[in-house]
Amino acid sequence: MIRKEAGLAFWLDWVEHRGGLWEDAGDNALALLPAALASELELPEETAVTADPDVAREDGALLLVTGHPVVAKAAESVLAAGDTGTLTLAAPRSVPPDAATLLSKAREHLPVDHGRLDPRADAVPERALRPVLRVGALVGYELSAEDHFQEQVEVFVDVPSRLQVPARVSERLARTGHDPRAQAAPPAGLAAVHYASTSRPDLAAALAEAHRMLEAAAELRRDGLARQIGDAYAKERARAEEYYAAAVDSLERRAATAPEDRAALLRARIESTREERARRLAEIAEKYRARHTLTPYRLHLLRVPVLRLALDVRRGERRYPLDLDWLLPAGEFAPLRCPACAQSGAPLVAAKTHLGCARCLAPKRPTPVPAPESVPPPRDGTAAHAAASAEGAVPPVRAGTTVAVGPSAARNAEAAGGAAPRSGGGAKAGRIAEASAARAASSRPATAGHAPSPAQRRSVDPQTLQKRAFTFWEHAASGDRRKLERLCATDSPVAALLRLYGAAGPLYGIGVDSRERVESCTVVVFPAEGRRGWDSAGGEVRTDRGRHDYLLRWSLGPDRLIAEVLPHQTPYAMNASTMMARYRPGGTEPATRLPRTGAELDPVAHLLWQRTPARHGAHLAARALASWWRLADPRALRGRYPAAVLAAAAERSACYWSGVGGGGYGDAALLWQVPEADLRKAGTHLQRLLKLSQDQPW
């Protein structure tokens, strides 16, 4: 009864380990402490302890529960001493499987392409001991000055393969007791321990892999906990910024009407207030900076009894030796790495020269020569850009109101030359003539040696595009995510922004801060022209703190849904920015620092959103995320490639097909610190699944 409370039970076991004694009396226990231990704990040598507050109050016993200083001191003593050693696990008393059963299980567990598993001649399963590392650590999470957490983590690593043991196997190994007869030497009747895997270099490599696994799990858990308190950080930062903004505004108003000597003092106070604001914001950021500490406390080298099955992988007359270990306490085979490339997760393949896996023995395909990167020339021209800039003189329009439709870039250019009429009938006639010409071109037979040109894209009515642009920003300003999703294409960059931030995603994508309030917007429509054109609408979103350029682009399908929002005002500005980014080593810079997202992200998406916006901007990061989320089975890729390699491949593909800098494999491998060969394999695999192009860069 006394051992129900975990803290008290731990303390009683610790006292017994330190040479003390204790007797259970039902509701309390009488502990007899050695003199040294009693002096260390500052307790009498005979101490009555309990976990029941009523018993402690009535009988005068010491109330010991989790969190009590005495229990905490005992825990600190255990953590400081550590728990290390070598344990030989006991073999189960049940009859082990025979050779035929093990062979059948091996063929089911480990299929081999172009080969089969056969028993080695005159070889019978022999008993042996396989080393497994059990590493435990205490992880402390510091999310802010007030939020602190501690968790216990543990990992089992197979020493020969340096692979993590599956959870179901590690649970069975943890429940298995040790063999009391086994000391430093293995019990009689067992083969020697796999000494090739218990040498110092192999143990050090397995221990380093266990530490990497614990760090990766702790970082993932830390980021998840930090997202939960992201609102508190944003609110405290907003309060500080509002306070200092009001203080500076008040001082500036007073300085504007004060005498010169008084104004100089006020201006000095303004500068000191701004410096104090910077210091305060840095303090808030430091207060909410997430950290974690890893304190290892357990390191066990487990000697697991196994049945070693000597097999041959046969391909015709060729034989490749392979040893499999059947873990007797777990009833499963031990993890296995590829004998050729030392990787895991891919099925084995028996080649003509050696034994490998599907990853290292994949057929070599000729690398396709990529088309030369080129940025389409500006569709609207210099005159069109000047005409579009002249549209900025139109008074601002509040979201939801109706204005005259802005002319397209081509019609602006024609109007500047005084050649084309601006009536709706002329535009309609032009579109009919354009469609007729396209149909006539498609009906002509192709010239020998030349493929027929794709048909011209037909544009949506500019009035419709203008109304949809106003409606889009109206819903974004009001925070109506459901209506926004009806206007946006699925699996698109703008849908990725909605998934990350909800209705505020498009606003964050063009640099609008979370503290800004949208007041009005302007719209100029740019209908699609030519075979590579996109229907788009650009202008400004005006807030209470400034103006932000935007460019909406519509999808190419029949629904004509919004696919992308870019931080540019015209297609010409977008093309110019793309061309300049190709000669800028670091890519483009984001318009503003993006806030933390509350969406649940897998490791690849988390890396993309953590690193890509700072290098190439939010719009290209949204393209990379849209392409990654378009995959039908991303888990299969994550099991085949590391998360950093997949994130680097997705970012490189987005850069390459968008025509910006950073589209080379070598640059991406150097930037992400991943092997270039793995990056090329992952990039080729992604391209085969996604089929990206200049018309579909996500």
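Just so you know, these numbers come straight off a predicted model, no measurement behind them.

1. Here we look at the pattern of salt bridges
Next, step 1: Inspection of the entire model under this criterion finds 40 salt bridges.
Next, step 2: With a closest N to O distance of 3.0 Å, Asp-54 and Arg-57 form a salt bridge. Here the residue Asp-54 and the residue Arg-57 both occupy positions in helix α3 (residues 53–59), the gap between them amounting to three residues, near one helical turn.
Next, step 3: Since its relative accessible area comes to 62%, Arg-57 is described here as exposed.
Next, step 4: One continuous salt-bridge network, built from bridges that share partners, spans Glu-146, Glu-236, Arg-280, Glu-283 and Lys-287.

2. Remarks on the sheet that holds strand β15 (residues 355–357)
Next, step 1: Here three strands make up an open sheet; going across it, the order is β6-β14-β15 and the pairing mixed. The open sheet is flanked by β6 (112–113) and β15, the only strands paired with a single partner.

3. Observations regarding the packing of helix α18 (residues 603–616) against helix α19 (residues 618–629)
Next, step 1: Orientation of α18 relative to α19, taken along the N-to-C sense of each, is 155°, at an axis distance of 7 Å. Considering the angle they form, α18 stands roughly antiparallel to α19. Seen from above, α18 lies across α19 with right-handed handedness. When α18 is examined against α19, the residues Val-604, Ala-605, Leu-608, Trp-609, Thr-612, Pro-613 and His-616 are found in contact with a partner set consisting of Ala-618, His-619, Leu-620, Ala-621, Ala-622, Ala-624, Leu-625, Trp-628 and Trp-629.

4. Focus on the environment of Glu-276
Next, step 1: Relative to the assigned elements, Glu-276 resides in helix α9 (residues 260–287).
Next, step 2: In this structure Glu-276 comes out as partly exposed when scored by relative accessible area, which is 37%.
Next, step 3: Along the chain, Glu-276 and Tyr-244 lie 32 residues apart, while their C-alpha atoms are 8.6 Å from each other.

5. Quick look at the sheet that holds strand β2 (residues 29–32)
Next, step 1: Reading across from one edge, β1-β2-β3-β4 is the order of the four strands in this open sheet, with mixed pairing throughout. The open sheet is flanked by β1 (21–24) and β4 (62–63), the only strands paired with a single partner.
Next, step 2: Of the pairings in the sheet, the one linking β1 to β2 comprises four bridges and is antiparallel in character. By the bridge assignment, Asp-24 is partnered in β2 with Ala-29.
Next, step 3: Strand contacts of helix α1 (residues 6–17): β1, β2 and β3 (46–50), with the helix running at about 155° to β3, the strand carrying the most contacts.

6. Considerations on the nonpolar core
Next, step 1: Counting 68 residues, the largest nonpolar core has Phe-472, Trp-473, Leu-552, Trp-609 and Trp-628 as its most contacted members.
Next, step 2: Residues within four places of Phe-472 in sequence aside, it is in contact with Leu-484, Leu-487, Cys-488, Val-494, Pro-506, Leu-552 and Ile-562.
Next, step 3: Within the second largest apolar cluster, 25 residues are counted, among which are Leu-143, Ala-206, Met-213 and Tyr-288.

7. Observations concerning the pairing of strand β8 (residues 126–142)
Next, step 1: Of all 17 residues in β8, 13 are buried; the element is thus mostly enclosed.
Next, step 2: As paired elements, β8 and strand β11 (residues 291–315) share 17 bridges and run antiparallel to each other. Paired with Leu-133 across the strands is Leu-301, a residue of β11.
Next, step 3: With eleven bridges joining them, β8 and strand β9 (residues 148–158) adopt antiparallel strand pairing. Its bridge partner being in β9, Gly-136 is matched across the sheet by Glu-154.
Next, step 4: Between β8 and β9, which pair antiparallel and follow one another directly, the connecting turn spans five residues.

8. Comments concerning a positive patch on the surface
Next, step 1: Residues Arg-640, Lys-681, Arg-688 and Lys-691 make up a contiguous surface patch of positive charge.
Next, step 2: Position of Lys-691 relative to the elements: it lies in the segment after α23 (676–690).
Next, step 3: For Lys-691, a relative accessible area of 60% gives the class exposed.

9. Re α19
Next, step 1: Helix length check: α19 (twelve residues) gives 16 Å between terminal C-alpha atoms against 16 Å at 1.5 Å per residue, within 8%.
Next, step 2: The buried fraction of α19 amounts to twelve of the twelve residues, a majority that puts the element mostly inside the structure.
Next, step 3: Among all positions in α19, only Ala-618, His-619, Leu-620, Ala-621, Ala-622, Arg-623, Ala-624, Leu-625, Ala-626, Ser-627, Trp-628 and Trp-629 are buried.

10. Remarks on the confidence of the model for the protein chain
Next, step 1: Looking at the protein chain, pLDDT values average 77 and 78% of them are 70 or higher.
Next, step 2: pLDDT under 50 marks residues 186–192. Its contacts with residues more than four places away, or in other chains, come to 13 contacts.
Next, step 3: Taken as a whole, residues 585–592 scores under 50 in pLDDT and shows 19 contacts with residues more than four places along the chain or in a different chain.

11. Details of the environment of Ser-653
Next, step 1: Summarising the element assignment, Ser-653 is placed in helix α21 (residues 643–658).
Next, step 2: Considering only alpha carbons, one finds Ser-653 and Pro-697, 44 residues apart in sequence, at a separation of 7.9 Å.

12. Observations concerning unusual backbone geometry
What you tend to see is this: most non-glycine residues have negative phi, and most peptide bonds are trans.
Next, step 1: For Arg-162, which is not glycine, the phi torsion reads 55° and is therefore positive.
Next, step 2: Mapped onto the elements, Arg-162 comes out in the loop between β9 and β10 (163–164).
Next, step 3: Its identity is not glycine, yet Lys-691 carries a phi of approximately 55°, on the positive side.

Parameters at a glance
Residues numbered from 1 in each chain as written. Predicted model: local features only at pLDDT ≥ 70, side-chain atom pairs only at ≥ 80, totals over all residues. Heavy atoms only, no water. Salt bridge = Lys/Arg side-chain N within 4 Å of Asp/Glu carboxyl O. Helix = DSSP H or I, 4+ residues; strand = E, 2+ residues; numbered from the N terminus. Buried < 20%, exposed > 50% of the residue type's maximum accessible area, 1.4 Å probe, protein only. Pairing = 2+ DSSP bridges. Axes fitted to C-alpha atoms, helices over the stretch in contact; angles between N-to-C directions. Parallel < 35°, antiparallel > 145°, perpendicular 65-115°, else oblique. Left-handed = near helix turned anticlockwise from the far one by under 90°. Contact = heavy atoms within 4.5 Å. Core = buried A, V, L, I, M, F, W, Y, C linked by side-chain atoms within 4.5 Å. Patch = residues over 30% accessible without salt bridge, like charges linked within 9 Å, V, L, I, M, F, W, Y side chains within 5 Å. Areas by Shrake-Rupley, 256 points an atom, 1.4 Å probe, with all protein chains shown as cover. Lys, Arg positive; Asp, Glu negative; His and termini not counted. Charge placed at Lys NZ, Arg CZ, Asp CG, Glu CD. Expected span 1.5 Å × (residues − 1). pLDDT = per-residue confidence, 0-100.

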